[in-house]
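# Survey of secondary and tertiary structure
Here are the chains, one letter per residue:
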Amino acid sequence: MDPSTSQCNHLVSPEIKNFVLSILIVFGILLSYLPQLIRIARLKSSFGISPYFILLGTTSGSSSMANVISQQQSLQDMACCSDVSGLSCFAGLLGILQVGTQWLSFFAILALFVIYFPRETTSSLPMTSKDRPTYRTALVVAGICVFHAMAMLIITIAIGYKQPSVLQSWSNFCGILAALLSSIQYFPQIATTLRLRCVGSLSIPMMCIQTPGSLVWAGSLAARLGSKGWSTWGVLIVTACLQGTLLVLSIFFEYLGPNKGHSHDYGKDGAEGTLGEEGNEAQEEQDYGPYEDTPLLGDRSR
């Protein structure tokens, strides 16, 4: 096959601007998740992060990965790798690399979320024990995410081998599923942030990078996949809008709200002593000592 007269033409002479932008987006995606990973590891707590936000985000990422690798354009680009140079092949796979980087980064957040999930309960936490998610919930979320990723991969491969004619329809279904999951992904986290009135272990720098970055990434994928790839780049536009809403709330509670600056007061168990009336009372008692009416066997898990 002569690549100069085939569907591999766009890979033989890739557009330099889009190629460079695609490379920068890959590094941008990776760097955008680092603040969140570092914050959870530094605080040694995933307090304030909704398990349902993690569940929906990870399954949305897995669905997006299945969507992009089953796109007709992606399959053509992968097939061209046997007829073009290594650099041209790399250029054709950048779209898959971008989605894969985001997918793996969210799985890394999932791992840290489970490892540093607050397992101790303290009276200074701003939610009652009935409202707080349990460690069992975190484990169930992790199990569902792993099972979903494996199922999406197996189904995509099976359809590709058995019924390649419906692969594009499967790709569109995965894209729509990813869009639906990402559309509701931020609602549990927005509700959690509003309830806690603080950002907790959420990273504001991550959201500052990702909100505009998602729009740039959507434009890059739209240029690469065209209108047929709407189910791929459309997800990013939806995500950017909802993440922007969460970013505004986080900035307000961290820097402008009544509990500003209290998101850093966490111990390893995820407790904090300055948020809410119970937290203030616990902090005052810790700072100034017990009083005559302080119970001798108070509920102190720290």
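Residues numbered from 1 in each chain as written. Predicted model: local features only at pLDDT ≥ 70, side-chain atom pairs only at ≥ 80, totals over all residues. Heavy atoms only, no water.

Basically, it comes down to this: UniProt positions are given in the numbering used here, feature names are shortened, and annotations may be inferred rather than shown by experiment.
As annotated in an unreviewed UniProt entry, the protein chain carries the name PQ loop repeat protein and comes from Aspergillus ochraceoroseus. The annotation that UniProt attaches to the protein chain under Subcellular location (unreviewed entry) is "Membrane".

## Considerations on the UniProt feature "transmembrane region" (unreviewed entry) in the protein chain
What counts is decided by this rule: Numbered from the N terminus, helices here are DSSP runs of H or I no shorter than four residues, and strands are runs of E no shorter than two.
When the UniProt feature table is mapped onto this chain, "transmembrane region" (unreviewed entry) is found at residues 19–38, 50–70, 90–117, 138–161, 167–187, 199–218 and 230–253. Strand forms 0% of residues 90–117 and helix 89%; the C-alpha atoms that close the span are 38 Å apart.

## Examining the state of the cysteines
Quick reminder of the rule: The criterion for a disulfide is a pair of cysteine sulfur atoms lying within 2.5 Å. Using a 1.4 Å probe on the protein chains alone, a residue whose accessible area is under 20% of its type maximum counts as buried, one over 50% counts as exposed, and one in between counts as partly exposed.
Applying the stated criterion across every chain, the model contains 1 disulfide. The partner cysteine of Cys 81 in its disulfide is Cys 89, sulfur to sulfur 1.9 Å. What sets the handedness of the Cys 81 and Cys 89 disulfide is the S-S torsion sign, and at about 80° it is right-handed. Its relative accessible area of 24% is what places Cys 81 among the partly exposed residues.

## Quick word on the nonpolar core
Note the cut-off: To qualify as a nonpolar core, a set must consist of buried Ala, Val, Leu, Ile, Met, Phe, Trp, Tyr and Cys residues joined through side-chain atoms within 4.5 Å. Contact criterion: two residues are considered in contact whenever any of their non-hydrogen atoms come within 4.5 Å of each other.
The biggest cluster of nonpolar side chains holds 43 residues, and the ones touching the most others in it are Ile 49, Ile 54, Leu 110, Phe 113 and Trp 217. For this core, the element with the most residues is helix 6 (residues 94–115), which contributes 9 residues. In this view, Ile 49 contacts Gln 36, Ile 40, Ile 54, Phe 113, Gln 189, Ser 201 and Leu 202; residues no more than four positions away in its chain are not counted. Residues Ala 66, Ile 159, Trp 170 and Cys 174 belong to the second largest nonpolar core, which totals 6 residues.

## With respect to helix 8 (residues 167–196)
Note the cut-off: Multiplying one less than the number of residues by 1.5 Å gives the expected span of a helix.
Here helix 8 spans 44 Å end to end across 30 residues, near enough to the 44 Å set by a 1.5 Å rise per residue. Looking at the residues trailing helix 8, positive phi occurs at Arg 197, about 60°.

## Topic: the side chain of Thr 239
Considering the arrangement of structural elements, one finds Thr 239 in helix 10 (residues 230–256). With a relative accessible area of 11%, Thr 239 lands in the buried category. The contact partners of Thr 239, leaving out residues within four places of it in the chain, are Ser 182 and Tyr 186.

## Some remarks on helix 2 (residues 16–43)
The end-to-end C-alpha distance of helix 2, which contains 28 residues, comes to 42 Å, matching closely the 40 Å that a straight helix rising 1.5 Å per residue would cover. In the stretch just after helix 2, Lys 44 is the one whose phi turns positive, near 55°.

## A short note on the side chain of Gln 36
Counting through the fold element by element, Gln 36 comes out in helix 2. Not counting residues up to four positions away in its chain, the partners in contact with Gln 36 are Ile 49, Ile 109, Ser 201, Leu 202, Ser 203 and Met 206.

## Some thoughts on the packing of aromatic side chains
Short version of the rule: Any two rings among Phe, Tyr and Trp, with Trp reduced to its six-membered ring, count as a pair given centres within 6.5 Å; such a pair is stacked if its planes are under 30 degrees apart, edge-to-face if over 60, and tilted if neither.
What the rule picks out here adds up to 8 aromatic pairs. Centroid distance Phe 53 to Phe 106: 6.0 Å. Interplanar angle 55°. Geometry classified as tilted. One end of the pair, Phe 53, is in helix 3 (residues 51–69); the other, Phe 106, is in helix 6, and 53 residues separate them in sequence. We classify Phe 106 as buried; its relative accessible area is 8%. A network of ring pairs unites the aromatic residues Tyr 33, Phe 53, Phe 106 and Tyr 186 as a single cluster.

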